Amino acid sequence: MSASNLQIDSRGRLRHFLSIEGLTRALLTDVLDTAESFAGVAEQSIKKVPLLRGRTIVNLFFEASTRTRTTFELAAKRLSADVLNININASSTVKGETLLDMLRNLEAMHCDMFVVRHSDSGAAHFMARHVAPHISVINAGDGRHSHPTQALLDMFTIRREKGADFGRLRVAIVGDIQHSRVARSQIHALNLLNTGQVHVVAPRTLVPAQAEQLGVKVFHNLTDGIRDADVVIMLRLQRERMQGALLPSEHEYFQLFGLTEERLAHAKPDAIVMHPGPINRGVEMDSQVADGPRSVILQQVTHGIAVRMAVMSMAMRQKAAPETEPETP
Amino acid sequence: MSGRNPESGGHIRIHGGRLVDPANRVDDVLDLYIADGRVAAVGKPPADFRAEREIDATGHIVCPGLVDLCARLREPGHEHKATIASETRAAAAGGITTLCSPPDTEPVIDTPAVVQLLRERSERYGYARVVAVGALTQGLAGEHLSEMAALKKAGCVGVGNACTPLTNTLIQRRALEYAASFNLTVFLHPQDHWLANNGCAHEGAIATRLGLPGVPEAAETAAVARDLALIEQTGVRAHFCRLSTARAVRMVARAQYDGLAVSADTATPYLHLTEMDVADFNSLCHVSPPLRTQRDRDGLRAGIAQGTLAALCSDHQPHEPDAKLAPFPSTEPGISGLDTLLPLALRLARDGDMTVPDVIARLTCGPAGILGLPYGTLSPGASADVCVFDPQASWRLTLADLHSRGHNTPFAGWDLTGRVTHTLLAGRVVYTRSSDR
């Protein structure tokens, strides 16, 4: 699809990083391998490599975020880049200034990369289509559409815990699939890596229309959905879902879909539990599980930095070498 | 009309063309004689007819000027998008002689003054006739009835609430009853406000993949079902605007079979595009109601072919470029459609869905009948609104071809067939391709 091809240049290298869709398995594996090589940087006494020295990276966040923005910032700093954080409360955006005006202004300040989070699906694609050719756009979450670095760090975590052969894995994603960009990106990434079975588990109100076409099996019962799973990914349940008649109460949600030690017993004995954070303890999972031996939630956060270093350096590597072939528009 | 166009009326003979006048079941090579702004005769010249002007239509089709049930001119209120002058001129270039403006101007068409403004300005420019659908409720707010009798007296062809559906069924019932008292046709945009839930794409596989808020099929079918019940209850004559689902077409067909006074239309984009066309976040394909599935597109085509949908309109919504330069959900919906109404409609004949005369019927006598206006026909005595087009002319649409100020069309780059060469409004030549640019 042309939108996805925006992110790959004519030589098959990463130009922007917008969505998992449109990547090849080779490229995805390449990012994970590169992330592996960066994972050691944090353990060195000097936690920096000079790959992006002299580059300016702008974190352009139109939606609140602590974890994602912080790990992007750390990743950029460990690559020796200069980082500018701009947090724009969408509702307080200066009237009349369009997104495009804002991009033009930042371009005029000679920035090299935009890391973007926005509440509109397709926002990162829109920016990638309109930025000056020397700028890379990294999607840090757009609406309900995509959060590709989160999915990559999840794949990185699964690969470290379960090995590179995803074909024998059963992965269950539990929670609000409907409103989740994380789930969409995870599903695409898992399918790209040929995961044996991908299950999604939620009540009908939280499953998008024709979800099966994403390549998943849909369950409305937690124990059925996570049975014999190797990986259980719990999604964050936004409190506002209680409005709009999507769910009756947090209490009933936890009763039916909350992950407890007893329920986790239906998964494989060595199953790992993941969560993109921040966790609503007592809503989507018990503290016992979140802090338990099978939880890899904090590893995910750590891996997030290495994965984001990999994505940023790869998108910039393309800029270092002069382009000889014409770009596809 | 005192048009700026120097080519005034008088006696005109259009000869050698294939004359297609579906209202009179005419489809033959016949000459058309025009005198004093009216159709004087078809076939044989009236006595003492001396043509002051001859138009050679050999190899061309001569049909009634097109009647477009829904075209937003953006004036008054949104002149940064387009104006009555720019869009009526575009209409003339597209063979359209009568345009119907929905009431969502600014101010809303809920007073006779706005109706008068539209008429006066369009008459001053003289490119096309503009008629208006008045507001069903004041300010389209869905709370207080508009002064419908006054609007009718001012010339409104009907009343409707544009794209802001009434949420209160009691107010809707009373609005329909009140309209029925004055024999006004009510134009309904069937979309359930709550089910639509501020969505911007058809709820289905594509919206799921792109994470776009979806508008389910039921947003339309639930509204059609409710509206049909109220139409039956109130006995009002009603018209469904812009159906987008095959199921709604079947519901309307059933109601017509049952004898209900309902008509319906759809717009050309819905016959050529589907949800797949938004798959790369193409904001030019952001329309409301949303583009739906291939099955819906086929169902709409069948509805147009069989006449359940008696009219095909442009649903013209010109925008300034900025309106489409944003992430998909934040862009304004709508396609600029006047320039492509005829060629996109003719594609249905080329695709084998229906005959050329049937296509022309949906663009002329079909919509004219819904509006209750005596246009869209070449009957002797009728206003000489004529469209002459070359049915063989093929060209690739570029933005430079567009006459509308709105360049927001997803059809740029499409190979189109059928190009207007002459447009006459009440016997005056308001467009000739040869003198275009």
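Residues numbered from 1 in each chain as written. Chains lettered and ligands numbered in written order. Predicted model: local features only at pLDDT ≥ 70, side-chain atom pairs only at ≥ 80, totals over all residues.

Asker: Can you help me understand the overall build of chain B in this one?
Answerer: Scanning chain B from terminus to terminus reveals 13 helices and 20 strands. By the compact-globule yardstick of 22 Å for 437 residues, chain B fits well, its C-alpha radius of gyration being 21 Å. Overall, the C-alpha framework of chain B stretches about 65 × 45 × 45 Å when taken along its three principal axes. Sequence-distant contacts in chain B: of pairs separated by 6 or more residues, those separated by 24 or more amount to 76%. (Helix = DSSP H or I, 4+ residues; strand = E, 2+ residues; numbered from the N terminus. Rg over C-alpha atoms; globule rule 2.2 N^0.38 Å. Contact = placed C-beta atoms within 7 Å.)

Asker: Honestly, the sheet that holds strand β1 (residues 56-61) of chain A in this entry has me stumped. Any pointers?
Answerer: Two orientations exist for strands paired in a sheet by backbone hydrogen bonds: parallel and antiparallel. Residues and elements named next belong to chain A. Pairing within the open sheet is parallel, and its four strands lie in the order β2-β1-β3-β4. Edge positions in the sheet fall to β2 (82-87) and β4 (136-142), since each of these pairs with one other strand and no more. Ignoring which end each strand starts from, the neighbouring axes of this sheet average 15° apart. Two elements, β1 and β2, share six bridges in a ladder whose sense is parallel. Along β2, the bridge assignment pairs isoleucine 57 with valine 83. With respect to the sheet, helix α5 (residues 123-130) is in contact with β3 (113-118) and β4, its orientation differing from that of β4 by roughly 165°. (Pairing = 2+ DSSP bridges. Axes fitted to C-alpha atoms, helices over the stretch in contact; angles between N-to-C directions.)

Asker: Is there a simple way to explain the packing of helix α4 (residues 169-181) of chain B against helix α7 (residues 217-234) of chain B in this structure?
Answerer: Between two packed helices, both the angle of their axes relative to each other and the distance between the axes serve to describe the pair. Residues and elements named next belong to chain B. Remark: α4 packs on α7, axes separated minimally by 10 Å, with the N-to-C direction vectors making an angle of 45°. One element, α4, and the other, α7, form an angle in the oblique class. Helix-helix and strand crossings are classified by hand; for α4 and α7 the assignment is right-handed. Between α4 and α7, the residues in contact are Thr169, Gln172, Arg173, Leu176, Glu177 and Ala180 and Arg226, Leu230, Ile231, Gln233 and Thr234, respectively. (Parallel < 35°, antiparallel > 145°, perpendicular 65-115°, else oblique. Left-handed = near helix turned anticlockwise from the far one by under 90°.)

Asker: What exactly am I supposed to notice about helix α3 (residues 67-78) of chain A here?
Answerer: Each full turn of the α-helix corresponds to 3.6 residues, which orients residues three or four apart in the same direction. Residues and elements named next belong to chain A. Spanning twelve residues, α3 covers 16 Å between terminal C-alpha atoms, matching the ideal 16 Å at 1.5 Å per step. Of all the residues in α3, the buried ones are Thr68, Thr71, Phe72, Ala75, Ala76 and Arg78. Relative to the axis of α3, the buried residues are bounded by an arc of 165° and lie together on one face. Following α3 by one or two positions, serine 80 adopts a phi angle in the positive range, close to 70°. (Expected span 1.5 Å × (residues − 1). Buried ≥ 20, exposed ≤ 12 C-beta atoms within 10 Å, placed from the backbone. Arc of directions from axis to C-beta.)

Asker: Got a minute to help me understand the confidence of the model for chain B in this structure?
Answerer: Residues shown with low pLDDT carry predicted positions that ought not to be read at fine detail. Residues at a pLDDT of 70 or more form 98% of chain B, whose mean pLDDT is 96. In the predicted structure, residues 1-7 of chain B sits below a pLDDT of 50 and forms 14 contacts with residues beyond four places in sequence or in another chain. (pLDDT = per-residue confidence, 0-100.)

Asker: What is the right way to look at the environment of proline 76 of chain B in this model?
Answerer: Residues and elements named next belong to chain B. Mapped onto the secondary structure, proline 76 falls in the loop between β8 (66-68) and α1 (84-93). Among the residues examined, proline 76 registers 18 C-beta atoms within 10 Å and is labelled partly exposed. For the pair proline 76 and leucine 118, spaced 42 residues apart in the sequence, the C-alpha separation amounts to 8.1 Å. Residues contacting proline 76, with those up to four places away along its chain left out, are Thr105, Glu106, Pro107, Val114 and Leu117.

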